[in-house]
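Observations on the model geometry
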Amino acid sequence: MEIFKLKESFGFMKYAKRFGLLSLVLVIGSWFLIFTKGFNYGIDFAGGTLIQVKYEQKAPIDEIRKALDATKTFQGAQVTNFGSDEEVVIKIKKVSSDITNDASDEIKKVLHTTGKFDIRRVDMVGAKVGSELQEKGMMALVLAVIGILIYVSYQFEWRFAVASVLALVHDVSIALGAIALLSIEVNLDILAAILTLLGYSINDTIIVFDRIRDSIRRTKQMNLSALIDESVTMTLSRTTLTSLTVFIVVLFLYLFGGEIINGFSLTLLIGVIVGTYSSIFIASPLSQWLGFSIEKFRSKEAEKLKREKEKERMRSMYEQGTL
Amino acid sequence: MKKFNYRVVVFILAFAFGIVFSLPSLLQSDWGKKITLGLDLQGGLHMVLGVKSEVAIESRTKSIATTVKYLLDDQEIIYDNLTMTQNGITLELLDGDDVAKFEAIAQKELEGTTLTQNGMVFTITMTPEEILRTKQNAVSQAVETIRSRLDLFGLAEPTVAKQGEDKILVEIPGIKTPADEQRIRELIAKTAHLQMMAVDEDRAARVSVISEAEAAQYGDVILSDVKTPEKYLLKEIPVLDGSMLTDASVGYSQSNQPVINFVLNGEGAKIFGDFSGKSVGKRMAIVLDNKVYSAPVINERIGGGKGQISGNFTQQEAHDIAIALRSGALLAPVVVEEKRTIGPSLGADSIQSSTIALVVGFVVVALFMIVYYGLSGVLANIALIANLFIIIAVMALFGATLTLPGMAGIVLTVGMAVDSNVIILERIREVLREGKSVAKAIEDGYQNAFVAIWDANITTLIAAIALYVYGTGPIKGFALTISIGILVSMLTAILGTHGIYNMIASKIEKNAIGKWFGIKKEETA
């Protein structure tokens, strides 16, 4: 079976400016959302206490709220269903630094009139730890981007590196924008999803760039736009296919993986779509807009080749003992 | 058919390795190394504790005061106004002839302090290095102490480790009931600071009316009884403390109540003996974590350095206190900064749901590959299966921990691992379309695809490593499975499937490429 049976390449570059504009709007819109609406930080980053309770019958949310509001500790607690009708999570801002004091004991006492239940999870994160985790998360993002920048610069050239990182910024921005828009709770797993997206999206982009590099070496094509069109078209079935398989598994993870990793899989679902789009429509034009030129690349490659040849010549001379 | 080549041999070995070493984990057998399940999958208690190291400074000052008091009394140097300041003590000598003797003592016995003199008033202050050392010491001592308490308690494989500068990570898997958890937390939290303190008999009668500030003026503190509301007025500087304790065990009083017997070391025994000899008829309080357990009247000099704590303990309480005393006091109290408790049932649910996601995802991707690529899709699927086994095997061998995000990572690997094969197969198709032979197409396909696969996977790996370095707990587990998955997929795709194609390439008829690579024959003309 084949999806794309193409004799001729798609004219992606013809529409590059339009897609560029669309992306720009999406990115700026996302930033706007992030800065105005902001993130719905979960307790990992904001600190607080979370208690997951599973009832033997349908959880009586209103009664739970009433019972909690009557207490001092849990007043104003946020109570929401979690995955099923039987399960709820209770969230409060407060934390207790006393080791012997345990929120689950208190909850048990407070809720004993609401039915039979089992406390399945209690998470408590102090504000200090929360901000530390936030810092570490930022460090991980920055470190990953710098690492990628260095590697791609080394393997390709700096314009490709900058283009791929800009594509990453594009993907991550839009994914974060969606997280803000959908009020997905931002916890450590969202950070993991964003970093996975980083890895995934750069992977896609590199495949396309590799094809461009390959085409420059193999063909005599001097028109960069045509060359990009050709390369993107040739990698199109691969890009679509891989995105599809990843999309499938993430979709199943979202559907069957359980409520705890829902935020993670939802972020990745969005990320896969954005990442695929950017590697097809955005990354390559970016390298052109950054001033990538085929001639320069070829002459650089030729120089590299010459240097290698020279080295080889020296080596053979050395081996023959003529040096 | 071509003979075996090195690629196939490596692939078969890797596959066999994967199956053999993943079996213990998959079958949950008793033999062999298994993957450790993270706390989020098997249930347990995860805590990050902070150490209140400023309290360690306070108690160090106190112990300086105790030492000075003892030494001066011992050498019969007369002094007055011995008080504790923020990082040291001050005192006033009454006899000018004692100054040299005092200075000698201060220099010899009090390391890490500086002595300053103002008239006859002397100040002993801890040096900044000593303060820092004391703080660091408090953290590492807390790690040791908590570890030894949990060991003595008989818990299976708890993790106690220093995290950063002043934090302690405690992870305890497999706690069955909330009551057990509560007991463990209390055991960890117990400062177990044992002090023998003299009752201020001169003012004891006024204890109910005296204020804390007034008590402080006399160098006294007010502490309450552990069970009753009764209060005691005690000399703030203790006679001795638990650091001189060598053993503690549960015993029984005459009325068959559980009590804790303790033994002091030589120095402690001497101090205890001297003090009790001088204080016959007075009371001495046994204070644990700032609660008075008993305050018996001293009837005679007590030698031998043995003592007893009684306080209507239950058997369990006595047992836990003895453990805490034996493993030593915490130099500084600990507080919880992060705590996560996961019940075993939730962990089991998470394993189940992520396994379903894994199986369904795998089946759909595998079917898709067969429909799209034909027989070569089957080969890609074999590589994918090998991949899954090898990931589990590698994790089991290295004793890595599988967390819920880690499971998600494995599911994701299924989607990403076929990528290498997709890249290769697309390249093979291209060469076939140019009308080249199958063997040539396979060789060129792999060669052309190699650099792309390499570069793409290395960059993904960079992101995964960043996540591993800065991630904590479950997230680290995710980064780990993703990284192993990437490396293994490169092995199975680049070596594995290539080797198999090398073996069978000559057998693939030109007119069977539709069946093999999923493209129509007429295209290849």
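Residues numbered from 1 in each chain as written. Chains lettered and ligands numbered in written order. Predicted model: local features only at pLDDT ≥ 70, side-chain atom pairs only at ≥ 80, totals over all residues.

1. Comments concerning the overall build of chain B
- In terms of regular secondary structure, chain B is built from 15 helices and 19 strands.
- For a compact globule of 525 residues, the expected C-alpha radius of gyration is about 24 Å, and chain B comes in at 35 Å, more than 25% above that figure.
- Counted over contacts in chain B with a minimum sequence separation of 6, partners at least 24 positions apart contribute 71%. (Helix = DSSP H or I, 4+ residues; strand = E, 2+ residues; numbered from the N terminus. Rg over C-alpha atoms; globule rule 2.2 N^0.38 Å. Contact = placed C-beta atoms within 7 Å.)

2. Quick word on the interface of chain B and chain A
- Each partner contributes residues to the interface: chain B has 66 residues there, and chain A has 60 residues.
- Sorting the residues of the side of chain B that touches chain A by element identifies helix 6 (178–189), strand 18 (334–342), helix 10 (344–373), helix 12 (404–433), helix 13 (438–470) and helix 14 (474–504) of chain B as the ones contributing at least two each.
- Ranked by residue count, the leading element in the side of chain B that touches chain A is helix 10 of chain B, at 15 residues.
- Classifying every residue of the side of chain B that touches chain A gives 42 nonpolar, 14 polar and 10 charged.
- Where strand 5 (residues 117–125) of chain A and strand 18 of chain B come together, 5 bridges link them in antiparallel fashion. (Nonpolar A, V, L, I, M, F, W, Y, C, P; charged D, E, K, R; others polar. Pairing = 2+ DSSP bridges.)

3. Comments concerning the pairing of strand 5 (residues 113–118) of chain B
Residue and element names in this part refer to chain B.
- Here strand 5 runs beside strand 6 (residues 121–126); their pairing, made up of 6 bridges, is antiparallel. When the bridges of strand 6 are listed, Gln117 appears paired with Phe122.
- In textbook terms, the turn of a hairpin is the stretch between consecutive antiparallel strands, and for strand 5 and strand 6 this stretch comprises 2 residues, one of which, Gly119, has a positive phi near 65 degrees.

4. Focus on the domain arrangement of chain A
- Taken as a whole, chain A is organised into domain 1 (12–40 + 129–292) and domain 2 (48–125).
- For domain 1 of chain A and domain 2 of chain A, the distance between their C-alpha centroids amounts to 39 Å. (Domains from an automatic or database assignment.)

5. Regarding the sheet that holds strand 14 (residues 258–264) of chain B
All names here are of chain B.
- Strand order across the open sheet formed by 3 strands is 13-14-17, with antiparallel pairing between neighbours. Edge positions in the open sheet fall to strand 13 (245–252) and strand 17 (306–309), since each of these has one partner strand only. Adjacent strand axes in the sheet meet at a mean angle of 25 degrees, parallel and antiparallel pairs treated alike.
- Note that strand 13 and strand 14 share 7 bridges and pair antiparallel. Residue pairing in the sheet places Gly251 in a bridge with Val259 of strand 14.
- Those strands touched by helix 9 (residues 315–326) are strand 13 and strand 14, and its axis lies near 170 degrees from that of strand 13. (Axes fitted to C-alpha atoms, helices over the stretch in contact; angles between N-to-C directions.)

6. Some words on the sheet that holds strand 3 (residues 79–84) of chain B
Residues and elements named next belong to chain B.
- Spatial strand order, 3-4-6-5: 4 strands in an open sheet with antiparallel pairing. Each edge of the sheet is formed by a strand with only one pairing partner; in this case those strands are strand 3 and strand 5. Each strand of the sheet is rotated relative to its neighbour by a mean of 15 degrees, with strand direction disregarded.
- Across 4 bridges, the pairing between strand 3 and strand 4 (residues 88–93) is antiparallel. Its bridge partner being in strand 4, Thr83 is matched across the sheet by Thr90.

7. What about the confidence of the model for chain B?
Residue and element names in this part refer to chain B.
- Overall, the predicted model of chain B reaches an average pLDDT of 84, with 98% of residues at or above 70.
- By mean pLDDT, the top-scoring element of chain B is helix 11 (residues 375–397) (91), and the lowest-scoring one is helix 15 (residues 513–517) (78).
- In the model output, the complex is listed with pTM 0.77 alongside ipTM 0.82. (pLDDT = per-residue confidence, 0-100.)

8. Things to note about the domain arrangement of chain B
- Under the domain assignment, chain B is made up of domain 1 (6–40 + 343–524), domain 2 (44–191 + 327–337) and domain 3 (193–315).
- The centre of domain 1 of chain B, based on its C-alpha atoms, is set 67 Å off from the matching centre of domain 3 of chain B.

9. Description of the nonpolar core
- Counting residues in hydrophobic clusters, the biggest one holds 239 residues, and the most contacted among them are Leu195 of chain A together with Ala142 of chain B.
- Top element by residues in this core is helix 12 of chain B. It accounts for 17 residues.
- Setting aside its immediate chain neighbours within four residues, Ala142 of chain B contacts Val51, Ile168, Leu330, Leu331, Ala332 and Val334 of chain B.
- Ile64, Leu93, Phe102 and Phe122 of chain B belong to the second largest nonpolar core, which has 10 residues in total. (Core = buried A, V, L, I, M, F, W, Y, C linked by C-beta atoms within 7 Å. Buried ≥ 20, exposed ≤ 12 C-beta atoms within 10 Å, placed from the backbone.)

10. Looking at helix 12 of chain B
Residues and elements named next belong to chain B.
- Between the first and last C-alpha of helix 12 there are 44 Å, a value that for 30 residues agrees with the 44 Å anticipated at 1.5 Å per step.
- Val414 marks the point of greatest bend in helix 12, at about 30 degrees.
- Two residues or fewer past helix 12, Gly435 is found with a positive phi of approximately 90 degrees. (Expected span 1.5 Å × (residues − 1). Bend = angle between axes of the 7 residues up to and from the residue.)

11. Side note on the environment of Ile212 of chain A
- Its place among the elements puts Ile212 of chain A in helix 7 (residues 188–218).
- Separated by 16 residues in sequence, Ile212 of chain A and Ile228 of chain A place their C-alpha atoms 6.3 Å apart.

12. Quick look at the packing of helix 5 (residues 128–153) of chain B against helix 6 of chain B
Residues and elements named next belong to chain B.
- Running from N to C, helix 5 and helix 6 cross one another at 140 degrees; their axes reach a closest spacing of 9 Å. One way to sum up the angle between helix 5 and helix 6 is to call them oblique. In this structure, helix 5 crosses over helix 6, and the sense of that crossing is right-handed. Every residue of helix 6 that contacts helix 5 at Ile146, Arg149 and Phe153 is listed here: Ile184, Leu187 and Ile188.
- Looking at the contact of helix 5 with helix 6 residue by residue, the classes come out as 5 nonpolar, no polar and 1 charged. (Parallel < 35°, antiparallel > 145°, perpendicular 65-115°, else oblique. Left-handed = near helix turned anticlockwise from the far one by under 90°.)

13. Considerations on the confidence of the model for chain A
- Across chain A, pLDDT averages 85, with 98% of residues at or above 70.
- For chain A, per-element mean pLDDT is lowest for helix 4 (residues 103–111) of chain A, which scores 80, and highest for helix 1 (residues 16–36) of chain A, which scores 93.

14. A closer look at unusual backbone geometry
All names here are of chain B.
- In the Ramachandran plot, Asn81 falls in the positive-phi region, its phi being about 55 degrees despite a non-glycine side chain.
- Of note in the backbone geometry, Asn290 takes a positive phi value of approximately 60 degrees without being a glycine.
- For Asn290, the location among the structural elements is in the loop between strand 15 (284–288) and strand 16 (291–294).
- For Asn290, a count of 12 C-beta atoms within 10 Å gives the class exposed.

15. What about helix 3 (residues 61–69) of chain A?
Residues and elements named next belong to chain A.
- Listed in full, the buried residues belonging to helix 3 are Ile64, Ala67 and Leu68. Viewed along the axis of helix 3, the buried residues span an arc of 95 degrees, placing them on a single side of the element. Residues Asp62, Lys66 and Asp69 are exposed on helix 3 and point more than 90 degrees away from its buried face.
- Buried-residue contacts for helix 3 involve strand 3 (78–82), strand 4 (84–92) and helix 4. (Arc of directions from axis to C-beta.)

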